[in-house]
Amino acid sequence: MVRWLRAAVAPLALAGLIALAGMALGRIYADALLAQLVAGAAVGSIGVSVAARRLPSWSVAPLSVLVLAGYAVGAVRIAAAHAALTDPLPTVVADALANGIPRLLTAMIPVEPTPDTVIVPVVAAWLAGLAGAELALRGGRVLLGCLPPALLYAGALYVVGPNEAAAGRPTLAFAGLVIAALAATARPDGSTPDAFTPDGATPDRPASDGSDGAAPDAGLSARTRAAMRGRALAGAAAGLAVLVGLVAMVGPWVSSRVSAAPSDPRRYVQPPQVDSLDESPLNRISGWALDPGQRLLDVSPDPAVSASASARPSGAEPAKRTGGDGARRRTLRLRLAVLPDYDGVTWRVGATYRNAGRVLPTQAPLPGADVHEVHQRIRVEGLTGRLLPALPTPATVSGARVAFDPATGTLIRPEGLTPGLQYEVTSQVQAPDLNLLPTAGTPSGDAVARYLTVGGVAPPQIQRLADQLADGNGAAYDRAVAIENFLAEHYRQVPDAPSGHAYPNLSFFLFGPRGRGGQVGTSEQFAASFALLARLTGLPSRVVVGFDAPVQGGAVTAGDAIAWPEILFDDLGWVPFDPLPKSKQPPRPVEQDFTPKPPTTSPSTPEAPTPSDTATASAPPSALAAGTGRGVSAPVVAGGAGGSILVVLLAAAATVVTLRRGLRRRRLTEGGSAERITGAWFEVTDALRLAGHPVPHHLAAAEVARFAANPGRRLAAGNLLPGHPPGDPVSRRGHTSGDAAGRSPHALDDLADRPGHTPGDPVSRPRQAPSDPAGHSGHAPKAAGRRLRRAAPHTRPGRTDPGPLPPLDELVAGVNTLLFAPDAADGDQARRAGDQAVAYADTLRAHRSWWRRLWWSVHPGPLRWHRRRE
């Protein structure tokens, strides 16, 4: 009986080791289901090995794998029922096996036990039990048999990473079980019994002397036994020396890692991402506004709680919206996306989404805030993308597998939205005491730096407006209200305003002439302008996109889409503001309350006379007469001065020509492929500028090539792009600055918004409204007439026709390569771009008259136009 009890210690210890690994991993799970399933796998795998102890060793592994398959299906079924999944079992099993590892490493903590988050630990526990049982029980190597459970335990700790405290007690228990297994299987005489049968007798290996449990050195002489003990002692001493050496070498590293934070394997796995459609949903506002009747969602609230929620403020506060018939309706504001990052071109989603189960991490309640629970059932109709709208802040989600970002409280469905998708959301709506706003401050420091960052340098006019609104408003709330009132009182909301919220778009919205489409916009421009002005005045802000859903439930259409800004206040969290016009009254002119700063250049004044001129003019006639009779004669002086000036001019011209040639050589031959392609671009834009046709700065590379084919005629026609009306602040309807045709070359991206930007650089921005039909603000009609007279290149009598202007397709291809695949640009492409640029510039120069060609060669402009960039 004692022998059987001792033999049972090893398999029970192995099962305990594997169960401890499940407990260590289960600390990051929402409940104890995973630990229970792993313990079951440990008992099952080791039980199969013990039950098959009299079978040949080769048959144990196939038999155990068959039992594993059945147990895994059962574990998946239990987890699916626990997670309330209604999909067919074969579909759930296939999905769990295909996506188990990535979803486990991208799941949000605490992890909900679902089929795809339990299948991998269960299978790993079973295989560790099978390997450990075969090594420790059948092979008699107990210490070696503890290695698979030890590896499983180490893997569990690695997956947990820094998300839980150190597992001190489970580790001590693990070591205790190993010691117990070794002690129970050891014999005083040094032999190791087999765990399957007493005294080491098995069907495959009977006792060598015909007796059960005979000592291995029985029958040996005393001298032989002494020699064996000496060799054993020597081996033990050698092993001890090796162990001490390893401790000496590895000990310092291990001790240094004890206090260090463990690495998180999740940083090596990319979490679910939003697609390009959802990267900046603010761009979709104008498209939805043009089709307001499109049905996007259908919302069915819980009647028991919708009434109480409808009386609460904050992010879910009911708003009164005017319907198409003029009636007022109460709405709840669903949040689709939060946009905290702005680079001067686009407000972007900056969330990190993690796979989540039905129960989402709880958000810390605001001090003194009332929390109300709101339940909604939402059905997707025409909404596309991956972003999943919900009332802030969701606490539980059922009916759809989601990924969640705790920082913004937003959801996505990694597989994308499909018509007919229905899910239920329970949200915890917090209502802070807004009476504290007038005295509330705003946080500062690195934690909110991203909410104060603007891309590049803001346009001077917008910066001056922000300074004017902040002047005299020291409190944070006063500044926010000043910005809100200014936008609501001076601008008009229209559904057909062009999309865009880059610096040029917002400048045109804020200061553009009303007769040409300025000072009107959708909620996109209102929210983006508010958030930008808030950041320029030191207020942490962000933009939110969502929908106004009826409180009592019903359809949510594209006309209900809205963007609004939010400001972060201490102890109050993110507080929404509404900069949209509050009435249908015509807005006040912006010029009435904001006057742009006048130009810094003063009007020209007559040059003051020099002291010598003044003295000569005031001298008496006798002195003048005396002065003319002395010194060198006037013709000699004039000739010498004229000659000196001519020599200086010739030397300057020669210097300019030499420097221009050196500049071309450096642009086209020095540096990498990107620098040479950029240099070729500068050669073309400089040539057009020398020809009197500077490239408008809002054109992209392909548009510049069409412009360069006949620059004079296109300027004269005032039609830079097919279908592009003069004064439109964007390139095309629905074609924003983030599209491929509106991107700037890679080498010059960071120069797009700097002061002193030279027209003609390969940096494209959304179009600004010109002030004349030719598409160039600030040009007088007289200047436009001069361009009309020299619009088309022509051949003068007695001069050889230089031929048509060469194409620039290779140069455009090189610039686009720098945009989208900077590493793909090679030397051959740079050489072709340079050859095209030189051929184009030389041909364009040949079209000029002789004196214009001469001035072309000695013009110093190219030496300074791009000095900051080169």
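Look a little higher up for the structure.
This structure is a prediction, so every number in the text was calculated from the model and none was measured. (Residues numbered from 1 in each chain as written. Predicted model: local features only at pLDDT ≥ 70, side-chain atom pairs only at ≥ 80, totals over all residues. Heavy atoms only, no water.)

Student: Which parts of the structure should I look at to understand unusual backbone geometry?
Tutor: A negative phi angle characterises most non-glycine residues, just as the trans form characterises most peptide bonds. Following I109, the chain continues to P110 via a peptide bond in cis, the omega torsion being 5 degrees. Mapped onto the fold, P110 is located in the loop between helix 4 (89-106) and helix 5 (115-138). Between P392 and the following residue, T393, the backbone shows a cis peptide bond with an omega angle of -5 degrees. Of note, T393 is situated in the loop between strand 8 (387-388) and strand 9 (394-398). With phi around 60 degrees, A84 is a residue other than glycine that occupies positive phi space. Here A84 shows up in the loop between helix 3 (60-82) and helix 4. Its identity is not glycine, yet Q519 carries a phi of approximately 65 degrees, on the positive side. For Q519, the location among the structural elements is in the loop between helix 15 (503-511) and strand 14 (520-521). (Helix = DSSP H or I, 4+ residues; strand = E, 2+ residues; numbered from the N terminus.)

Student: Sorry, what's going on with the side chain of R542 here?
Tutor: Its location among the elements puts R542 in strand 15 (residues 541-550). Side-chain polar atoms of R542 contact the side chain of E566, separated by 2.9 Å. Those residues in contact with R542 that lie beyond four places of it in its chain are R335, V338, L339, P340, W347, A407, A531, R535, W564, P565, E566 and W574. (Polar contact = N/O pair within 3.5 Å; in protein donor to acceptor, adjacent residues only side chain to side chain. Contact = heavy atoms within 4.5 Å.)

Student: Any chance you could explain the environment of P443 here in plain terms?
Tutor: One can find P443 in the loop between strand 12 (422-431) and helix 13 (460-470). Sequence-wise, P443 and L568 are 125 residues apart; in three dimensions their C-alpha atoms are separated by 7.4 Å. Non-local contacts of P443, meaning those with residues more than four positions away in its chain, are made with V448, P540, L568, F569 and D570.

Student: I would appreciate a short explanation of helix 16 (residues 523-536) in the present structure.
Tutor: Working note: α-helix, 3.6 residues per turn, so residues spaced by three or four point in the same direction. If you check helix 16, its first and last C-alpha atoms are 20 Å apart, about what 14 residues at 1.5 Å a residue would give, namely 20 Å. Burial analysis of helix 16 places 14 of its 14 residues in the buried class, which makes it a mostly covered element. Directly beyond the C-terminal end of helix 16, a positive phi value near 90 degrees is found at G538. (Expected span 1.5 Å × (residues − 1). Buried < 20%, exposed > 50% of the residue type's maximum accessible area, 1.4 Å probe, protein only.)

Student: Would you mind going over the nonpolar core with me for this structure?
Tutor: Buried together is how nonpolar side chains tend to be arranged in soluble globular proteins. Residues L282, W288, L297, L383, F547 and F569 are the most contacted members of the largest nonpolar core, which totals 89 residues. For this core, the element with the most residues is helix 16, which contributes nine residues. Excluding anything up to four places from it in sequence, L383 contacts R284, W288, L296, L297, L336, P389, L417 and F547. Judged by nonpolar contacts, the second largest core, of 42 residues, contains L20, Y29, A42 and A133. (Core = buried A, V, L, I, M, F, W, Y, C linked by side-chain atoms within 4.5 Å.)

Student: Please clarify how the pairing of strand 1 (residues 295-301) should be interpreted in this entry.
Tutor: Regular strands show a simple pattern: their side chains alternate between the two faces of the sheet. Where burial is concerned, most of strand 1 is hidden: five out of the seven residues are buried. Of the pairings in the sheet, the one linking strand 1 to strand 16 (residues 554-557) comprises four bridges and is antiparallel in character. What sits directly across from R295, in strand 16, is T557. Here five bridges tie strand 1 to strand 7 (residues 370-380), and the two strands are oriented antiparallel to one another. Note on strand 7: the bridge partner recorded for P301 is Q376. (Pairing = 2+ DSSP bridges.)

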